[in-house]
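One letter stands for each residue in the lines below.
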Amino acid sequence: MRRIQAGNALSAFGLGFTVPYLYVYVAQVRDLGAGTAGVVLAVFAMAALVVLPFTGRVIDRRGPLPVLVGAALLASAGAAGMGLAGSVPAVVLSAAVLGAGTAVMQPALATMIVWSSEATTRTRAFATQFFLQNLGLGIGGLIGGHIVDESRPGSFTLLFTIESAMFLVLAAIALTVRLPAPAGVHGTPADAGAKGGMRALLGHRAMVQLLVLGFVLFFACYGQFESGLAAYGTEAAGIEPSTLGTALAANTAVIVAAQFLVLRFVERRSRTKVIAAVGLIWAVAWIAAGYAGLGHGSQAMATAAFISTYALFGLGEAMLSPTVAPLVADLAPESMVGQYNSAFALVKQLALAVGPAVGGPMGAALHGPYIVTFVLFSLAVSVLALRLGKRLTPVQDRPALAARSRVVTVHMPATADAETVAAAR
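Residues numbered from 1 in each chain as written. Predicted model: local features only at pLDDT ≥ 70, side-chain atom pairs only at ≥ 80, totals over all residues. Heavy atoms only, no water.

**Comments concerning the overall build of the protein**
The criterion, for reference: Helix and strand assignments come from DSSP, with helices taken as H or I runs of at least 4 residues and strands as E runs of at least 2, each series counted from the N terminus. Three exposure classes are used, based on accessible area relative to the maximum for each residue type with a 1.4 Å probe and protein chains only: buried under 20%, partly exposed in between, and exposed over 50%. Contacts are assigned to residue pairs that have any heavy atoms within 4.5 Å of one another.
When its secondary structure is counted, the protein shows 18 helices and zero strands. Taken over 425 residues, the protein has a buried fraction of 53%. In the protein, of all internal contacts separated by at least 6 residues, the share reaching a separation of at least 24 is 85%.

Below you can see the structure in the form of structure tokens.
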């Protein structure tokens, strides 16, 4: 587990070097124009949507380790290509390779964490992963910001080279890991449950509800950070572009400072009630954003309210990391952990694609409706979470109740009625 987490942190560190500067690099440094930069960002996201539907089944059949190594090598090639690309075809191809590699790494890493943990330790393991990812991204972005120079393309090439090297380090660390393969994987009779694939997953009502909840979560938060909320802040609240960086730093700072303090609070409580509380916190965050843009107070108050919006989002994210990802793993039949993780990653990617498309124009022009819409989406998180709680077993909702079981899953078929669920409880 320590090796997995170390590789995860280093790969996030590498991503932090380049992600904030990708648009500037393509549009200005390589002088390929804003249109090409937009295409590159779209291709980066679309590549993930193409590969994720197939990733889970490969993970379940071959194991997460070879998939992670292959994805890391692919991402390394994409990053290196991006640093050297000087034409539109080259930069678009590199973005596709980089996007596909980084997308496949997510469910592979999540499945490795599941295989290396028990139900009672999984909450802390995923919280640690989220903490290290944000810490790596933040440090990488901070160091990268002191290296980049728009007048020197070589400085960007250096950033992409460092990113490429970090993916190679991840692959090297992964190759030293010896995973405890669970029963029912790699062709054993228990693997029959995986043959249903997506049909079996869609027949699992609790998982379908969790996928819907996940889409709303990512749409209402992550899908707005750098699009709708940024547009709203600059247009409605008069926030300076430099203040957006301060707001994002506040978000990361809250996550890093609060993650393990929050973990002590949430790990012995109902997961769905914690998620419902996050919906309420995010509703308050959107109300603060509404005050920043529509409250007609001083500019200092508007700026403070806008930064507090990002900080409150960070608090909610810190509460989600030990709840949602472990819940996906605990709902999955043991032979379909990879497919469940990939399905959730796919829903996340869809939300991150749809969120900016919807939120960007609204945040820029429809200020009042924008805030009302996302207050309602945040409240919908609370409602959906409480409804999901009715479909979970007590141990799935509160893993601290488990004694010493590595996998605590009751896989309810689609025909399970209320009496069956009650009997399982």
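Still more to cover.
**A closer look at the packing of aromatic side chains**
Two aromatic rings, taken as a pair, are described by how far apart their centres are and by the angle between their planes. Let me state the cut-off plainly: Pairing of aromatic rings covers Phe, Tyr and Trp, the last counted by its six-membered ring, and requires centre-to-centre distances within 6.5 Å; plane angles under 30 degrees mean stacked, over 60 mean edge-to-face, and any other angle means tilted.
Across all of its chains, the model carries 15 aromatic pairs by this definition. Ring centres of Trp 286 and Phe 313 lie 5.6 Å apart, and the angle between their planes is 80°; on these two criteria the pair is classed as edge-to-face. Of the two residues, Trp 286 sits in helix H12 (residues 271–294) while Phe 313 sits in helix H13 (residues 299–320), which places them 27 residues apart along the sequence. Overall, Trp 286 belongs to the buried group, its relative accessible area being 0%.

**A look at a nonpolar patch on the surface**
In plain terms, the rule: The patches reported here contain residues having more than 30% relative accessible area and no salt bridge. Joining distances are 9 Å for like charges and 5 Å for nonpolar side chains (Val, Leu, Ile, Met, Phe, Trp, Tyr). Here, Shrake-Rupley sampling with a 1.4 Å probe gives the accessible areas, and only protein chains in the shown set may cover a residue. Counted as salt bridges are all cases of a side-chain nitrogen of Lys or Arg within 4 Å of a carboxyl oxygen of Asp or Glu.
Together, Leu 280, Val 372, Leu 376 and Leu 379 line one region of the surface with nonpolar side chains, adding up to about 360 Å² of accessible area. Ranked by the residues each element gives to the nonpolar patch, the list is headed by helix H16 (residues 367–389), at three residues. Locating Leu 376 in the fold gives a position in helix H16.

**A look at the nonpolar core**
Heads up, the condition is: What makes a nonpolar core is a set of buried Ala, Val, Leu, Ile, Met, Phe, Trp, Tyr and Cys residues whose side-chain atoms join them at distances within 4.5 Å.
Counting residues in each nonpolar core, the largest one holds 95 residues, and the members touching the most others are Leu 210, Leu 229 and Trp 286. Residue contributions to this core peak at eleven residues, all from H12. Excluding anything up to four places from it in sequence, Leu 229 contacts Gln 224, Trp 286, Ala 289, Phe 306, Thr 309, Tyr 310, Phe 313 and Tyr 370. In this structure, Val 40, Val 91, Phe 160 and Met 166 belong to the second largest nonpolar core, which totals 19 residues.

**Digging into the packing of helix H1 (residues 2–18) against helix H5 (residues 88–115)**
The condition that has to hold: Axes here refer to lines fitted to C-alpha atoms; in helices the fit is confined to the stretch in contact. Angles between the N-to-C directions go from 0 to 180 degrees. Our angle categories are set so that under 35 degrees counts as roughly parallel, over 145 as roughly antiparallel, 65 to 115 as roughly perpendicular, and the remainder as oblique. What makes a crossing left-handed is the near helix being turned counterclockwise from the far one by less than a right angle; a clockwise turn instead makes it right-handed.
Between H1 and H5, the least distance of the axes is 11 Å, while the angle of their chain directions is 160°. In this view, H1 runs roughly antiparallel relative to H5, as classed from their interaxial angle. In terms of crossing hand, the pair formed by H1 and H5 is left-handed. Here H1 contributes Ile 4, Gln 5, Asn 8, Ser 11 and Leu 15 to the contact with H5, which in turn contributes Thr 102, Met 105, Leu 109, Met 112 and Ile 113.

**Some remarks on unusual backbone geometry**
The phi angle at Asp 31 is positive, at roughly 55°, despite the residue not being glycine. The residue Asp 31 is located in the loop between helix H2 (22–29) and helix H3 (33–62) in this model. Taking relative accessible area as the criterion, Asp 31 reaches 65% and is therefore assigned exposed.

**Quick look at the pattern of salt bridges**
Tallying each qualifying case throughout the model produces two salt bridges. For Asp 330, the salt bridge identified is with Arg 271, shortest N-O distance 3.0 Å. Of this pair, Asp 330 sits in helix H14 (residues 324–331) while Arg 271 sits in helix H12, and the two are 59 residues apart along the sequence. The class for Asp 330 is buried, based on a relative accessible area of 0%. Here the salt bridges share partners, and the residues they tie into one network are Arg 122, Arg 271 and Asp 330.

**Describing the packing of H3 against helix H15 (residues 337–365)**
Rule in force here: Polarity classes work like this: nonpolar for Ala, Val, Leu, Ile, Met, Phe, Trp, Tyr, Cys and Pro, charged for Asp, Glu, Lys and Arg, and polar for all others, with Gly in that last group.
Between H3 and H15, whose axes approach to 7 Å, the crossing angle comes to 170°. When the axis of H3 is compared with that of H15, the two are roughly antiparallel. Residues Ala 45, Ala 48, Leu 49, Leu 52, Pro 53, Thr 55, Gly 56, Arg 57, Ile 59 and Asp 60 of H3 form the contact with H15, whose participating residues are Val 337, Gly 338, Gln 339, Ser 342, Ala 345, Leu 346, Gln 349 and Leu 350. Split by residue class, the contact of H3 with H15 holds ten nonpolar, six polar and two charged.

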